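So the chains spell out like this:
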Amino acid sequence: MLKIWGRISSINVRKAVFAAQLLELPFERIDAGKEFGIVTTEAFLAKNPNAMVPLLEDGEVTLWESNVIVRYLAAKYGKGSFYPQALPERFDAERWMDWQQTALNNASRDAFIQLIRVEPAQRNQALIDASIAATEPLMAMLDQHLSRSAFMAGNAIGMADIPIATEIHRWRGLPLERPHRPHLERWYSGLMALPAARGALDVPLS
């Protein structure tokens, strides 16, 4: 059975959990990080010297870095379009996964931290405003992309949908007014309706 180390409040842990559930893989999730500790223990550091979550154990395979974990699970256990064999399709999916980490997450992070993890009296409104200004054009880009594609990388759900979905879950959970984006909402509502979304895309932010 797979082991996924990490608290479910982490967006990156939710990626691993959502991937495993989409692939219908049995797994055990072990709380670690933040208030749960563990990540600075000698045993954990031997597996992940970054002292971060998630950490995946699959038999003798140990992996860290959330999008790598998603890629690994997709490659080993996915079928068909979940992990495309043709290089153009595969690297289209890879591109969106990297974009989530390098662009979308960087843009949205400050609003999330300030609105969810910082006490109201201590919030920095300038950081929130800058984060919103950086994120909404990216959401518009996603909406435009999804007007031409059923999923992030084609006409069937695949590995690229996982990290983007966890970002949308986090952004939609913030107490903000957002423009109506019909194609993005159609795609996300479809994912939310899947049994695999439970415990991954319906978790309250914290």
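Before any of the text, the structure's been laid out above.
1. Description of the packing of aromatic side chains
Considering all chains together, one arrives at three aromatic pairs under this definition. Ring centres of tryptophan 96 and tryptophan 99 lie 5.2 Å apart, and the angle between their planes is 85°; on these two criteria the pair is classed as edge-to-face. With tryptophan 96 and tryptophan 99 both in helix H4 (residues 87-117), this residue pair falls three residues apart, about one helical turn. Across the pair, tryptophan 99 and tryptophan 96 agree in class, each one buried. Where tryptophan 187 meets tyrosine 188, the ring centres are 6.4 Å apart and the plane angle is 45°; that geometry is what we call tilted. Taken as a pair, tryptophan 187 and tyrosine 188 share a single burial class, namely buried. The ring of phenylalanine 112 carries the charged tip of arginine 170 above its face, separated from the ring centre by 4.6 Å.

2. Description of the side chain of asparagine 105
Checked against the element boundaries, asparagine 105 lands in helix H4. Engagement of the side chain of asparagine 105 in a polar contact is seen with the side chain of glutamate 167, the distance being 2.7 Å. With near-sequence residues (within four places) excluded, asparagine 105 lies in contact with Ile11, Gln100, Glu167 and Arg170.

3. What to know about unusual backbone geometry
Following valine 53, the chain continues to proline 54 via a peptide bond in cis, the omega torsion being 5°. With respect to the helices, strands and loops of the structure, proline 54 is situated in the loop between helix H2 (42-47) and strand E3 (55-58). Not every positive phi belongs to a glycine, and lysine 34 is a case in point at roughly 50°. Here lysine 34 shows up in the loop between strand E2 (27-30) and H2. Lysine 34 gets classed as exposed once you look at its relative accessible area, which sits at 57%. Even without being glycine, glutamate 65 reaches a positive phi, approximately 85°. As for its placement among the helices and strands, glutamate 65 is situated in the loop between strand E4 (61-64) and helix H3 (66-77). Overall, glutamate 65 belongs to the partly exposed group, its relative accessible area being 39%.

The rules behind these values
Residues numbered from 1 in each chain as written. Predicted model: local features only at pLDDT ≥ 70, side-chain atom pairs only at ≥ 80, totals over all residues. Heavy atoms only, no water. Phe/Tyr/Trp six-rings, centres within 6.5 Å; stacked < 30°, edge-to-face > 60°. Helix = DSSP H or I, 4+ residues; strand = E, 2+ residues; numbered from the N terminus. Buried < 20%, exposed > 50% of the residue type's maximum accessible area, 1.4 Å probe, protein only. Lys NZ or Arg CZ within 6 Å of the ring centre and 35° of its normal. Polar contact = N/O pair within 3.5 Å; in protein donor to acceptor, adjacent residues only side chain to side chain. Contact = heavy atoms within 4.5 Å.

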